[in-house]
Amino acid sequence: MNTLTLVLGGARSGKSRYAEALLTRLPAPWHYLATGQAWDEEMRTRVFEHRSRRGEGWHTVEVPVALGQALDEAGEHPVLVDCLTLWLSNLLLGEHDLEQASADLMAALQRRRAPTVLVASEVGLGIIPDNALARRFRDAAGLLHQRIAELADSVVLVVAGLPMPVKG
Amino acid sequence: MNTLTLVLGGARSGKSRYAEALLTRLPAPWHYLATGQAWDEEMRTRVFEHRSRRGEGWHTVEVPVALGQALDEAGEHPVLVDCLTLWLSNLLLGEHDLEQASADLMAALQRRRAPTVLVASEVGLGIIPDNALARRFRDAAGLLHQRIAELADSVVLVVAGLPMPVKG
Amino acid sequence: MNTLTLVLGGARSGKSRYAEALLTRLPAPWHYLATGQAWDEEMRTRVFEHRSRRGEGWHTVEVPVALGQALDEAGEHPVLVDCLTLWLSNLLLGEHDLEQASADLMAALQRRRAPTVLVASEVGLGIIPDNALARRFRDAAGLLHQRIAELADSVVLVVAGLPMPVKG
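To start, this report covers the structure provided alongside it.

Now for the overall build of chain A. Regarding its fold elements, chain A presents six helices and seven strands. The order of α-helices and β-strands along chain A, N terminus first, is β-α-β-α-β-α-β-α-α-β-α-β-β. Dimensions of chain A along its principal axes, counting C-alpha atoms only, are 45 × 35 × 30 Å. Sorting the 168 residues of chain A into buried and exposed places 56% on the buried side. Counted over contacts in chain A with a minimum sequence separation of 6, partners at least 24 positions apart contribute 76%. In chain A, which carries 17 positive and 20 negative side-chain charges, the distance between the mean positions of the two groups comes to 4 Å.

Below is the structure:
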């Protein structure tokens, strides 16, 4: 398995399940960096579903913002970050410094020596949103995916649960 | 030609035309299961365009909801279902039992022995919708596509009229 | 390099950068047909960023509408059109004759003998828009992409800065 993998996909495309399967081929424990914050019922249900599916062998850490630091702390363990899109949303809604947080993330990814899988939603293939915040969000997501894809050993686009190779 | 093919694509991507061409390589008659209901002028125009393009050899059946049953009734004839997305929309708007209808569809697909092509819109690659019903819809579509793709012999994503292989 | 290339991609997918790199492998000057009109600050910033990145060797022509004619005028020089999506938007918002303009574009593309790269946003893979103009826009974009893809020697879908081959 490559060291850094970016798993892109749409809503309910099976991207998390695909990413989990990449990790569980390796010896446990697997570190799961969960960026989602359960603000509402819909989100709580989704977080619960993902967690029930994963089962034994996973060490879950909630990481709404300090992702670079959490990657360093995972050390030699294989890591799954699920997902970059919610992390970006936390940064934008919390008015954090996006440039700094992205730079910290990229630096931490370059320091990683153990397998790392990043999940992200592809959100840029619909009609341009009316809403300025939504446009800013999809621009930030697109730029982040480009930077990570450049560094990644492998990039896949998950469609209907199936991986389409993009890189590697 | 494989037995079960899922043709995914965006709006006006040429997915219906591509799917029709898969069927018309086989001997006629071809059963066309049309799930679209012509609620408004825009939809009536589109249904009319699709029907004019198809021409001779097609046996059209309107199937807004009972898709599993219609697949059984098509028996040994090649079938095109156009499209799953409108069918799902009919189920959600009509407050039908989505789980039951999906289970009936999957069971009918497993019973099929003749070539079957299913067309569906990929709707999960844009920004997350504001609207709760739209989110529920794209979640249901994503999950349905995953289930069918798992069973399918072949899955393609049509982009600008051209098929990108996803499976098979 | 092929004569006619269509580069599709989502928002901030790196499609322009990829397209520019295709052209700059060839001897300068490269003609840049810019269809974007800087209506607001957001757009002015984007146009400025693209222009700063391109640097020396580029001959920029602003072409909000008369794209067929501009392609003819570029003669034997390699041409980049960035992008078809803004051109289509100018046609629809300016209430130009879309059929005529598309026919003129297709005719000019067929007359081209020098390398031509067309950039366009893929906008049809999200949820169906509420707004009738947005639906008309994404339908027009989808149909235009199909027509050009049929004529093109090469079509790529850029995801996270990386080209996925669609044709050629």
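Facing the 23 residues of chain C at the interface are 20 residues of chain A. Summing both sides of the interface, chain C and chain A together bury roughly 1,700 Å²; the carbon and sulfur share of this comes to 66%. Counting across the chain C and chain A interface gives one salt bridge. Our enumeration of links across chain C and chain A arrives at five residue pairs in polar contact (both at pLDDT 80 or more). Breaking the side of chain C that touches chain A down by element, the ones donating at least two residues are helix 2 (41–54), helix 6 (132–151) and strand 7 (162–167) of chain C. Of all the elements, helix 6 of chain C adds the most residues to the side of chain C that touches chain A, at three residues.

As a further point, take the relation of the copies chain B and chain C. In screw terms, the move from chain B to chain C is a rotation of 120 degrees and a rise of 0.0 Å along the axis, fitting with an RMSD of 0.0 Å. Accordingly, the operation relating the two chain copies is best matched by a three-fold axis. When C-alpha positions in chain B are compared against the rotation axis, the closest is assigned to glycine 126 of chain B, at 2.3 Å.

Here we come to the interface of chain B and chain C. Contact residues are listed per partner, giving 23 residues for chain B and 20 residues for chain C. Surface buried jointly by chain B and chain C totals about 1,700 Å² across both partners, of which 66% is contributed by carbon and sulfur atoms. Joining chain B to chain C, the criterion identifies one salt bridge. Between aspartate 139 of chain C and arginine 12 of chain B there is a salt bridge; the shortest N-O distance is 3.9 Å. If you look at where chain B meets chain C, you find five residue pairs in polar contact (both at pLDDT 80 or more). Every element with two or more residues in the side of chain B that touches chain C is listed here: helix 2 (41–54), helix 6 (132–151) and strand 7 (162–167) of chain B.

So, about unusual backbone geometry. Glycine aside, a negative phi is what most residues show, and trans is what most peptide bonds show. Along the chain, aspartate 82 of chain A connects to cysteine 83 of chain A via a cis peptide bond; the corresponding omega equals 0 degrees. Geometrically, the link from alanine 28 of chain B to proline 29 of chain B is a cis peptide bond, its omega value of 0 degrees lying close to zero. You can see proline 29 of chain B is positioned in the loop between helix 1 (15–24) and strand 2 (30–34). In this structure, alanine 160 of chain A takes a positive phi of about 50 degrees despite not being glycine. Looking at the element boundaries, alanine 160 of chain A is found in the loop between strand 6 (154–159) and strand 7 (162–167).

All names here are of chain A. In terms of residue burial, strand 6 counts as a mostly covered element, since six of its six residues are buried. On strand 6, burial covers both faces: Ser154, Val156 and Val158 on one face and Val155, Leu157 and Val159 on the other are all buried. The pairing of strand 1 (residues 4–9) with strand 6 spans five bridges and is parallel. Opposite leucine 8, over in strand 6, you have leucine 157 as the bridge partner. Of the pairings in the sheet, the one linking strand 6 to strand 7 comprises five bridges and is antiparallel in character. Each residue of the ladder has a partner; that of valine 155, found in strand 7, is lysine 167. Counting the residues between successive antiparallel strands, the hairpin from strand 6 to strand 7 contains two residues, one of them, alanine 160, with a positive phi of roughly 50 degrees.

Procedures and definitions
- Residues numbered from 1 in each chain as written.
- Chains lettered and ligands numbered in written order.
- Predicted model: local features only at pLDDT ≥ 70, side-chain atom pairs only at ≥ 80, totals over all residues.
- Heavy atoms only, no water.
- Helix = DSSP H or I, 4+ residues; strand = E, 2+ residues; numbered from the N terminus.
- Buried < 20%, exposed > 50% of the residue type's maximum accessible area, 1.4 Å probe, protein only.
- Contact = heavy atoms within 4.5 Å.
- Lys, Arg positive; Asp, Glu negative; His and termini not counted.
- Charge placed at Lys NZ, Arg CZ, Asp CG, Glu CD.
- Buried area = accessible area lost by both parts, 1.4 Å probe.
- Salt bridge = Lys/Arg side-chain N within 4 Å of Asp/Glu carboxyl O.
- Polar contact = N/O pair within 3.5 Å; in protein donor to acceptor, adjacent residues only side chain to side chain.
- Least-squares fit on C-alpha atoms with pLDDT ≥ 70 in both.
- Pairing = 2+ DSSP bridges.

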